[in-house]
Each structure stands twice: as C-alpha cells, then as structure tokens.
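Coordinate analysis (summary)
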Amino acid sequence: LAQAPAAERSARRDSRPSAAFVVFLFVLSRPRVGMAEVAVSEIPQAEKDELFCAYAAMILQDSSLDISEVNLNTLIKAAGGSIEAFFPALFAKMCQGKDIDAMLKFGGGGGGGPAVGA
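The structure displayed is predicted, hence computed values, not measured ones.

This next bit is on the nonpolar core. Core analysis: the biggest nonpolar cluster contains 17 residues, and Cys 53, Leu 60, Ile 67, Leu 72, Ile 76, Ile 83 and Phe 91 have the highest contact counts within it. For this core, the secondary-structure elements that each account for two or more residues are α3 (45–62), α4 (69–78) and α5 (86–95). Sort the elements by how many residues they give to this core and α3 lands first, with 6 residues. Those residues in contact with Leu 72 that lie beyond four places of it in its chain are Cys 53, Ala 56, Ala 57, Leu 60, Ile 67, Pro 88, Phe 91 and Ala 92.

This is the structure we're talking about:
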C-alpha cells in the first residue's frame, strides 16, 4: 500500500485500522443477514460497492495511507470482497484533493437556537 507524504502522515494520528472497520468489511462480504435485518443478497451490488469503497477509504485515511485505486482494491480483496472494476478508480478520484479528516469528524453543531419572538 502506498503511503501518504511524511508531513501529511505526521499530521495525522499514528494508528492501525479500527477492528470495527475490518469486521464490517468481512461481514459485508459474507452472505448473511445483517444491517437492519436485510439479507446481504438483497442489497444491490452498486450499494455494496459503495460501502466497500467508503469503509476502505476510512481505513486508509485512519492508517495514513493514500486513498488510491490500488490501495482500495488491495484492502477490499484482503477483506474477501469483490466489486465492479471501475468503482475503486472512481472513488479514489472523488477523494483526491478532499479533506477527508474534516469529513470524518463527528460532533459540532448544537441544537436549535433560542425561541423566536419571546
């Protein structure tokens, strides 16, 4: 897997992929009943492809590795998945130049504002 430039890697936290991501990829690639009690065989292939790429991209980002077509394919195949050939290239191109860390941050925004016209 290709690594991000050293300066970029040092700016990110140094960690391994979350076990939850790896388990998700493994479960998604198996023909079982899972998310929301929908059989995996009933999920359209395009949605599976998108999920594989999204979770693989998060793992790569968390591991300070480039989100590239090669790295996405390597990770998805290692998890036992198979996807349409064009999807990793499309997904990698979509992520190129984007601040993925900012997209993955949770929290922020509070609730509603104060009552109007009190």
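With that settled, the discussion passes to the packing of aromatic side chains. Describing an aromatic ring pair means giving the distance of the ring centres and the angle of the ring planes. If you walk through the whole model with that rule in mind, you get 1 aromatic pair. Ring centres of Phe 86 and Phe 87 lie 5.3 Å apart, and the angle between their planes is 40°; this geometry places the pair in the tilted category. A relative accessible area of 13% places Phe 87 in the buried class.

Moving on to α4. Along α4, the residues that are buried comprise Asn 71, Leu 72, Leu 75 and Ile 76. The buried residues of α4 occupy an angular sector of 125° when the element is viewed end-on, so they sit on one face. The exposed set on the far side of α4, more than 90 degrees from its buried face, consists of Val 70, Lys 77 and Ala 78. Of the residues flanking the end of α4, it is Gly 80, one or two places downstream, whose phi is positive at about 90°.

Before going further, it helps to examine the packing of α3 against α4. Between α3 and α4, the least distance of the axes is 9 Å, while the angle of their chain directions is 105°. Here α3 is positioned roughly perpendicular relative to α4, judged by the angle of their axes. Residues Phe 52, Cys 53, Ala 56, Ala 57, Ile 59 and Leu 60 of α3 lie in contact with α4, whose contacting residues are Asn 71, Leu 72, Leu 75 and Ile 76.

Most peptide bonds are trans, and most residues other than glycine sit at a negative phi. For Ser 64, which is not glycine, the phi dihedral falls at a positive 60°. In this fold, Ser 64 is placed in the loop between α3 and α4.

Where α3 meets α5, the axes come as close as 10 Å, and the angle between the chain directions of the two elements is 50°. Classed by the angle they form, the pair α3 and α5 counts as oblique. As α3 runs across α5, the sense of the crossing is right-handed. For the pair α3 and α5, contact is made by Ala 46, Asp 49, Glu 50, Cys 53, Ala 54 and Ala 57 and by Phe 87, Pro 88 and Phe 91, respectively. Per-class residue counts for the contact of α3 with α5 are 7 nonpolar, no polar and 2 charged.

Scored by pLDDT, the protein chain has a mean of 75; 58% of the residues are at 70 or more. Predicted confidence in the protein chain is weakest over helix α1 (residues 6–11), with a mean pLDDT of 52, and strongest over α4, with 92.

Note that Thr 74 resides in helix α4. Distance from Thr 74 to Ala 56, taken between C-alpha atoms, is 9.3 Å for residues 18 residues apart in sequence.

The rules behind each value
Residues numbered from 1 in each chain as written. Predicted model: local features only at pLDDT ≥ 70, side-chain atom pairs only at ≥ 80, totals over all residues. Heavy atoms only, no water. Core = buried A, V, L, I, M, F, W, Y, C linked by side-chain atoms within 4.5 Å. Buried < 20%, exposed > 50% of the residue type's maximum accessible area, 1.4 Å probe, protein only. Helix = DSSP H or I, 4+ residues; strand = E, 2+ residues; numbered from the N terminus. Contact = heavy atoms within 4.5 Å. Phe/Tyr/Trp six-rings, centres within 6.5 Å; stacked < 30°, edge-to-face > 60°. Arc of directions from axis to C-beta. Axes fitted to C-alpha atoms, helices over the stretch in contact; angles between N-to-C directions. Parallel < 35°, antiparallel > 145°, perpendicular 65-115°, else oblique. Left-handed = near helix turned anticlockwise from the far one by under 90°. Nonpolar A, V, L, I, M, F, W, Y, C, P; charged D, E, K, R; others polar. pLDDT = per-residue confidence, 0-100.

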